[in-house]
Every structure is written in structure tokens, then in C-alpha cells.
Amino acid sequence: KKFASSSKKPSNKEVFQNDEREMFINEMERRLQNNPSNTAPLAVLLDFELGTRKGEILAISKSDIVGDRIHIHRQLVEKFDTSDLNDIKSAGFRIVDYTKSEDGDRWLPLTERAKEIIRRVEKINAENGFRYKDFLFVRENCPLLPDAIDAQIKRGCEYIGIPVKTMHKIRKTYASTLLHSGVNISIVKDMLGHADESTTLRHYVYNTESSDGT
């Protein structure tokens, strides 16, 4: 407690506020129109509906979708070459059959908006012949990589003139929106894949209202 900060960071730095969110979503749609074969903007949009970690959303497969729910139980992780501990290098990425923690293995409800985004991704993959096993976010014959997501978010924020945010802050926006909509904190905690409610409340819940109250 001596070393912990007694106050949270400002909400406008930690979440997409309502007016920012609307502009940002429109910008992702614009970016998709400019590059119709790139599903990275749709991965970003889907995360507003699911609130997953970046590695989790990039590891979703079609077989994870059952009716109105989706099973989050794997992630895309970076491998490292540790043969020389003085010069550790990236050895690429791979999809593994586990999440960050045991609590990360979870089922999430699919909103109608989420279902629509998934259908659009599947259509783009089919039209362009993109396939890697049955994973959703792919580019030709390999998974879509985190850099592709990060680039869309950074450039999108810059283009519309808001502070640059991250996929993790979309996750915080998702959590905050759920709680402010009346979803019980124990359910929000489970949907995020957290072990306890204190983590969710302390680090993921912020005010999403815009400065003008909208």
C-alpha cells in the first residue's frame, strides 16, 4: 500500500469515451473500405463486443462459435530464441491451447453486432482465399499478427485526432460499458477472465461518458 498509487488514471486516457468510440468505429469502417481484404479493422471492432485480450481474439476459430456463444480458450503468443541470453530474439508467433490464466478459459455471449462482424470476416476470407486451419483472423496462409491490429488502432486514433489508445483499452471500455449498463460485477469479472472482482474494479472500470456528458 505504501507504494501503490492512491488514485486511478484519468478515464479519458484509459477508455474510449462515448464520442471517441463512435468516431473510432466509423474510422475502422473507413479503413476497411480503403483495404477490403484486410480484416484487422474488423478484429478491432469485434473486440468492442467481446473485450478479449489481443492474443485471444487473434486465436479465435470458427469451431469456437456455438450458437449464440463463443469459447475463448487459446491465444496467439510470441516465441523467443533464448539460445543466447545476451541476445534474445523473436522467433515468430504460434497459437497455443491455453489463455493467460485458468480463469481465461470462458464462454462469452455473441451480440448481433458480433455475429455480423464474424460473417463479414468469413466472407472476406472466402473471397480472397485466405485460410489457416479454421481460424477467423488470417492473412493468406498464416494468422493475422498483433502488429496489424496495433497499426490500425494507432493510425485510426491519429486520423480522427484523439489520444492514441490500445487494444487493452478497448478491453477496459468493454468492462466499463458492461458495469455501467447494470451487469453484475461478478459476471463482468468472469467475462474478462479475471480471478477476482478487485482486479476488474481497480484496473478496468472507468467513466465512458464524454466530457460533454454524452
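Residues numbered from 1 in each chain as written. Predicted model: local features only at pLDDT ≥ 70, side-chain atom pairs only at ≥ 80, totals over all residues. Heavy atoms only, no water.

1. Quick notes on the overall build of the chain
This is how the line gets drawn: Each helix is a run of DSSP H or I of at least 4 residues and each strand a run of E of at least 2, with the numbering of both proceeding from the N terminus. Any pair of residues with heavy atoms lying within 4.5 Å of one another is described as a contacting pair. Values of accessible area rely on a 1.4 Å probe in the Shrake-Rupley scheme; residue burial ignores everything except the protein chains shown. Note that His is not counted, nor are the chain ends; the positive residues are Lys and Arg, and the negative ones are Asp and Glu. By convention, the charge on Lys lies at NZ, on Arg at CZ, on Asp at CG and on Glu at CD.
From N to C terminus, the chain includes nine helices and seven strands. Long-range pairs, those at least 24 residues apart, make up 65% of the contacts in the chain with a sequence separation of at least 6. Accessible surface computed for the chain: about 11600 Å², of which carbon and sulfur atoms make up 48%. Here the chain contributes 34 positive and 33 negative side-chain charges, whose respective centroids are spaced 2 Å apart.

2. Describing the nonpolar core
Worth spelling out the cut-off: Here, nonpolar core refers to any group of buried Ala, Val, Leu, Ile, Met, Phe, Trp, Tyr and Cys residues whose side-chain atoms link them within 4.5 Å. The buried label goes to any residue with under 20% of its type's maximum accessible area, the exposed label to any with over 50%, and the partly exposed label to all in between, with areas taken from a 1.4 Å probe on protein chains only.
If you look at the biggest cluster of nonpolar residues, it comprises 43 residues, and the most contacted ones within it are Phe-24, Leu-42, Val-44, Leu-46, Phe-137, Ile-149 and Ile-153. Of all the elements in the fold, those that place two or more residues in this core are helix H2 (18-34), helix H3 (40-50), strand E2 (69-72), helix H5 (112-128), helix H6 (146-160), helix H7 (167-180) and helix H8 (185-192). Counting residues per element, this core draws most heavily on H3, at eight residues.

3. A few points about unusual backbone geometry
At Lys-133, a position not held by glycine, the phi torsion is positive, near 55°. With respect to the helices and strands, the residue Lys-133 is situated in the loop between H5 and strand E6 (138-139). You will see that Glu-140, though not glycine, has its phi angle at about 60°, which is positive. Residue position: Glu-140 is located in the loop between E6 and strand E7 (142-143). Judged by relative accessible area, which is 51%, Glu-140 ranks as exposed.

4. Regarding H7
The condition is simple: By this rule the span expected of a helix is its residue count minus one, scaled by 1.5 Å.
The end-to-end C-alpha separation of H7 is 20 Å, in line with the 20 Å expected for 14 residues at 1.5 Å each. Counting buried residues in H7 gives 10 out of 14 residues, a clear majority hidden from the surface. Those residues of H7 that fall on the buried side of the exposure criterion are Met-167, Lys-169, Ile-170, Arg-171, Lys-172, Thr-173, Tyr-174, Ala-175, Ser-176 and Leu-178.

5. What about the packing of H3 against H7?
Geometrically, a packed helix pair is captured by the angle between its two axes and the distance between the axes. Convention followed: The angle between two axes is taken between their N-to-C directions and runs from 0 to 180 degrees, where each axis is a line fitted to C-alpha atoms and a helix contributes only its stretch in contact. Angles are sorted into four bins: roughly parallel if under 35 degrees, roughly antiparallel if over 145, roughly perpendicular if 65 to 115, and oblique for all others. Note: crossing handedness is left-handed where the near helix turns anticlockwise from the far helix by less than a right angle, and right-handed where it turns clockwise. Note on residue categories: nonpolar means Ala, Val, Leu, Ile, Met, Phe, Trp, Tyr, Cys or Pro, charged means Asp, Glu, Lys or Arg, and polar means any other residue, Gly included.
In the contact formed by H3 and H7, the axes pass within 8 Å of each other and the chain directions differ by 30°. By the criterion of interaxial angle, the relationship of H3 to H7 is roughly parallel. Read as a crossing pair, H3 and H7 show a hand that is right-handed. Along the contact surface, H3 presents Ala-43, Val-44, Asp-47, Phe-48, Glu-49 and Leu-50, while H7 presents Met-167, Ile-170, Arg-171, Thr-173 and Tyr-174. A breakdown of the residues in the contact of H3 with H7 according to their chemical character gives seven nonpolar, one polar and three charged.

6. With respect to the sheet that holds strand E5 (residues 106-109)
Here is the rule: Pairing between two strands requires that DSSP report at least two bridges joining them.
The strand order E1-E2-E5 describes an open sheet built from three strands, whose pairing is antiparallel. Only two strands of the sheet have a single neighbouring strand rather than two, namely strand E1 (65-66) and E5. Here four bridges tie E2 to E5, and the two strands are oriented antiparallel to one another. Residue pairing across strands places His-71 opposite Trp-107, the latter belonging to E5.

7. Digging into the packing of aromatic side chains
Applicable threshold: Side-chain rings of Phe, Tyr and Trp, where Trp is taken by its six-membered ring, are said to pair if the distance between their centres is within 6.5 Å; with planes under 30 degrees apart they count as stacked, over 60 as edge-to-face, and otherwise as tilted. Either the NZ atom of lysine or the CZ atom of arginine qualifies as a charge over a ring when it sits within 6 Å of the ring centre and within 35 degrees of the ring normal.
If you walk through the whole model with that rule in mind, you get four aromatic pairs. Centroid distance Phe-16 to Phe-48: 5.5 Å. Interplanar angle 75°. Geometry classified as edge-to-face. Linking Phe-16 in the loop between helix H1 (11-14) and H2 with Phe-48 in helix H3, this pair joins segments that are 32 residues apart in sequence. Judged by relative accessible area, which is 0%, Phe-16 ranks as buried. Look at Tyr-132 and Phe-135: their rings are 5.7 Å apart centre to centre, the planes differ by 20°, and that puts the pair in the stacked class. Each residue in the set Phe-16, Phe-24 and Phe-48 is aromatic and connected to the rest through ring pairs, giving one cluster. If you follow Arg-30 out to its NZ or CZ, it ends over the ring of Tyr-159, 4.0 Å from the centre. If you follow Lys-165 out to its NZ or CZ, it ends over the ring of Phe-16, 5.3 Å from the centre.

8. Side note on a nonpolar patch on the surface
Short version of the rule: Two joining distances apply to patches: 9 Å for like charges and 5 Å for nonpolar side chains (Val, Leu, Ile, Met, Phe, Trp, Tyr), and every residue must have over 30% relative accessible area and no salt bridge. When a carboxyl oxygen of Asp or Glu is within 4 Å of a side-chain nitrogen of Lys or Arg, the pair counts as a salt bridge.
Taken together, Phe-80, Leu-85 and Ile-88 make up a surface patch of nonpolar side chains, about 340 Å² in accessible area. As for its position among the elements, Phe-80 is in strand E3 (residues 75-81).

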